[in-house]
Each structure stands twice: as C-alpha cells, then as structure tokens.
Amino acid sequence: VFVGVNAYNNSLAFVNPFTSRNNNINIFGVSGSGKSVTAKILMNRLYMRGIQIIVIDPEGEYVNIAKALGGEVISFSRENGINPFYVSSLQENDILDHISTLKTFFKFFIPTNHFDSAVLDEALIKLYDQGSPTFENLLELLKDHPMQKDLSVLSTGSLRGVFNSTRKLELTNDIIVLDLHDLKKDEKRDPAMYLLTSLIWNLVNKKNNKQRMLFIDEAHKLLVDPEVAVFYRELVKQARKRNVGVVSITQDVEDFLDSEYGKAIITNSETKILLKQSYATLGDIGTIYPMTDEEKQQLGHLAIGEVVLFRENEHVRINILVLPFEQPLVFTS
Ligand SMILES: Nc1ncnc2c1ncn2[C@@H]1O[C@H](COP(=O)(O)OP(=O)(O)OP(=O)(O)O)[C@@H](O)[C@H]1O
Ligand SMILES: [Mg+2]
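The shown structure was predicted, so the numbers you read here are calculated from the model rather than taken from an experiment.

(A) Fine view of the overall build of the protein chain. Of the regular secondary structure elements, the protein chain holds 13 helices and 11 strands. In terms of overall size, the protein chain behaves like a compact globule, its C-alpha atoms giving a radius of gyration of 21 Å where 333 residues would be expected to give roughly 20 Å. By principal-axis analysis of the C-alpha atoms, the protein chain measures approximately 70 × 40 × 35 Å. Counting across all 333 residues of the protein chain, residues that qualify as buried make up 55%. In the protein chain, once contacts between residues fewer than 6 apart in sequence are set aside, the share between residues at least 24 apart is 72%. If you sum the accessible surface of the protein chain, you get close to 14800 Å²; carbon and sulfur atoms cover 47% of it.

(B) Local environment of the sheet that holds strand β11 (residues 314-320). Strand order in this open sheet of 11 strands is β2-β1-β11-β10-β9-β3-β8-β7-β4-β6-β5, and the pairing throughout is mixed. Two strands in the sheet have a free side with no partner beyond their single neighbour: β2 (12-14) and β5 (72-75). Within this sheet the neighbouring strands show an average axis-to-axis angle of 25°, counted without direction. Sheet topology places strand β1 (residues 2-6) next to β2; 3 bridges connect them, and they run antiparallel. Counted as the bridge partner of Phe-2 is Phe-14 from β2. Of the strands in this sheet, β7 (212-216) and β8 (244-250) are in contact with helix α8 (residues 226-238), which crosses β8 at around 135°.

(C) Representation of the nonpolar core. In terms of nonpolar packing, the biggest core is built from 76 residues, with Phe-106, Leu-151, Ile-216 and Tyr-232 touching the most fellow members. When residues of this core are assigned to their parent elements, the largest contribution, 10 residues, is made by helix α7 (residues 186-206). Here this core gathers at least three residues from each of two domains, domain 1 (2-77 + 173-330) and domain 2 (92-155). Phe-106 has contacts with Phe-85, Leu-120, Leu-124, Phe-135, Leu-138, Leu-151 and Leu-154, leaving out every residue within four places of it along the chain. Listed in part, the 35 residues of the second largest apolar core include Val-15, Ile-53, Ile-175 and Val-322.

(D) Representation of the domain arrangement of the protein chain in the model. The domains assigned to the protein chain are domain 1 (2-77 + 173-330) and domain 2 (92-155). Computed from C-alpha coordinates alone, the two centres of domain 1 and domain 2 are separated by 32 Å. Contacts between the two partners involve 11 residues from domain 1 and, on the opposite side, 8 residues from domain 2. The contact between domain 1 and domain 2 buries some 910 Å² in all, and 69% of this surface belongs to carbon and sulfur atoms. Here domain 1 and domain 2 share 1 salt bridge between them. The partner of Lys-107 in a salt bridge is Glu-227, with the nearest N and O atoms 2.7 Å apart. At the junction of domain 1 with domain 2, the criterion picks out 2 residue pairs in polar contact (both at pLDDT 80 or more).

(E) Examining the site of ligand 1 more closely. Around ligand 1, 14 residues are found, and the nearest of them are Ser-31, Gly-32, Lys-35, Ser-36 and Val-37. Contact distances for ligand 1 include 2.8 Å between an oxygen atom and a side-chain N or O atom of Lys-35. Gln-251 has a polar side-chain atom sitting 3.0 Å from an oxygen atom of ligand 1. Taking 630 Å² as the accessible area of ligand 1 by itself, protein coverage stands at 66%.

So, how was this worked out
Residues numbered from 1 in each chain as written. Chains lettered and ligands numbered in written order. Predicted model: local features only at pLDDT ≥ 70, side-chain atom pairs only at ≥ 80, totals over all residues. Heavy atoms only, no water. Helix = DSSP H or I, 4+ residues; strand = E, 2+ residues; numbered from the N terminus. Rg over C-alpha atoms; globule rule 2.2 N^0.38 Å. Buried < 20%, exposed > 50% of the residue type's maximum accessible area, 1.4 Å probe, protein only. Contact = heavy atoms within 4.5 Å. Areas by Shrake-Rupley, 256 points an atom, 1.4 Å probe, with all protein chains shown as cover. Pairing = 2+ DSSP bridges. Axes fitted to C-alpha atoms, helices over the stretch in contact; angles between N-to-C directions. Core = buried A, V, L, I, M, F, W, Y, C linked by side-chain atoms within 4.5 Å. Domains from an automatic or database assignment. Buried area = accessible area lost by both parts, 1.4 Å probe. Salt bridge = Lys/Arg side-chain N within 4 Å of Asp/Glu carboxyl O. Polar contact = N/O pair within 3.5 Å; in protein donor to acceptor, adjacent residues only side chain to side chain. Near = heavy atom within 4 Å.

Structure follows, in structure tokens:
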C-alpha cells in the first residue's frame, strides 16, 4: 500500500506488510506525533486491498473511520458487555486454552495473596464440565474461598455488565473496532484489552484463511503484566502462520525497550515506523534499531506525520501523506 513521499528524493513510498518473515508493524512515537493518523491511513488502504481490519481501540479514536467505511463498532460499557465464558468450540483443547485465558483475566481482579491457581483451575474445569459456564455458577464453585468475593465485583459489583453479558464476539465484518473508551479506568480497560485480544486470537485460530491486520493502540498496556506480556509476544510471533499481522501502536516506547517481551515484539515486527521520539528513548533505541548517531538525532526532531521506516536493512524517511478523500476519515477522533 501507498504510505507517503520519500523525504530525500520525493519518490512515492509503498509498503507491503505481508512479507515472508512476518506481517507485523510497529508504530512508535511521542504523543501527537501522528501515530493514529498513520494507523488510520494504513487501516483504510489495507481494507481497500481486501484485508480484514480489527482494532483494539482504548480511546475510541477509530470509531468514526470504522463507521464511515461501513465497519462494525463494538463498544464496551456496563450496558454493553461481553460474555467471557463463551467458547466457539467444545473441543477439550479449546476449552482448556480458554480456561487459561480466563485465569489470566481473573487475576486482574484478585489480590496476589488470595490468588490460588490450582483452586481456580479446578473450579473452571468443573464449571465447563457442568455445561453452563456463568458467573453465578463459578462463584458457587468458589464458595468459601476469598477469590469468590474478589470475582463477585464482575457479576454483582461495580463492574457488573461489562464482563457478564450474553454478547459474544464474532469476526464477521471486514472492519471491526473494539471501542473501550467508556471503560474509563485502567482497572477495567487493561483486563478488557487482554480478554478481547485473546478472544480475537482464539477466533483467528479457528479460521485463518483470511488475511487480517490486528491494530492494538496503547499496546504498552499489554506489557505490564508478565503473563499478558508472554501472551502478547506469542501472538506477535505466531501471527504469520495464521495470516495475521499485528500492528503495535504506542507512545510509551521505553516500556517496549525496557521489557524482554517488548524487545522480542519489536524484533518480530518486519515493518517499523518510528515517528518523533522523546529524548529518553533516543538513548536506548540504537540497541534495537541499527542507526547512526545522526539518524538518532533526526528521530528527536521529526515533524508531525514524518517517519523513519525500517524494513530489514533499509531505513527511509517518509512524509506520511493523507490523500484528500481520506481527510474526513482520518482527521476526526
Ligand atoms: N500525516 C499527517 N499529515 C497531516 N497532519 C497530521 C498527520 N499526522 C498527524 N497529523 C495531525 O496531528 C494530529 C495528531 O495526530 P495523531 O492523533 O495521529 O497523534 P498520536 O501520535 O496518535 O497522538 P496520541 O499519542 O495523543 O494518541 C492530528 O489530529 C492531525 O491534525
Ligand atoms: Mg493516537
């Protein structure tokens, strides 16, 4: 797809994110540098090429473009939640995988001194054996354990509705935006980001005939918890086998550079789009992107919409070009 104009020789710059090594992209830059705009034009141009677009959208920035392109916006709030227990297959392996996703998800709500992996495991296995996995039944199975009270916040407490709805996630539309901006606090958003990314991954694993791009904005949030970070790294590493590309978008580049998982995600992303960087990241960035000191300095001075694109050994400075007909799609939030 077309991305913009080469800043050195004015030639047009294109990328094909679907490569032989992997289809993953990083879009990294400080706040206001143009990450979301870059993501939106890629989203539109990849969609035009028949690639399914799925966006994890913590701030609701991609809602307008999705609506304008006839996509589906799935918003999350207490009135509009999701059923975390839903598994699309009854195969034992799929259920066991799902149970491990649920354990990591529930861990967000259980203080460490209450968390008992074995007890939770047993309860979840019983729950699925009994055939009607609901919160009420899970809490019944956890009776007398402190985890029961911790998890009741999800069913009858302040988070009721968000994660105990009957709605299930499906990937039918060619553009799907999962809008989390109604979940105002991180304590709700972070687990929701993990749960939704896992549910998408499970669905993609079922039907992987289609080419897909999964955009994750504020991706650094998936690095905070080590178990979630492992999941995220595996997702990025295995995506190509499922015909998926993962687009990781973040302003907290240091979180990636400081984390062994974050670094693995960068090295497993063939297309790296760097926008303006903060001085704090410039010190470390050379450890993972091969570049000269002069190039490093440039990264601190890029204007809005200017990027350095790294692919294999090639680095090109590009001005990301929003085409006139794309402006109403892209310059809204
Ligand atoms: N390629 C571009 N051409 C022209 N204007 C741009 C371009 N990219 C960004 N802008 C302008 O800069 C503004 C901020 O861009 P954007 O929202 O993409 O930043 P961001 O990096 O996602 O910021 P944040 O980290 O706060 O989400 C846009 O609303 C737009 O006006
Ligand atoms: Mg943004």
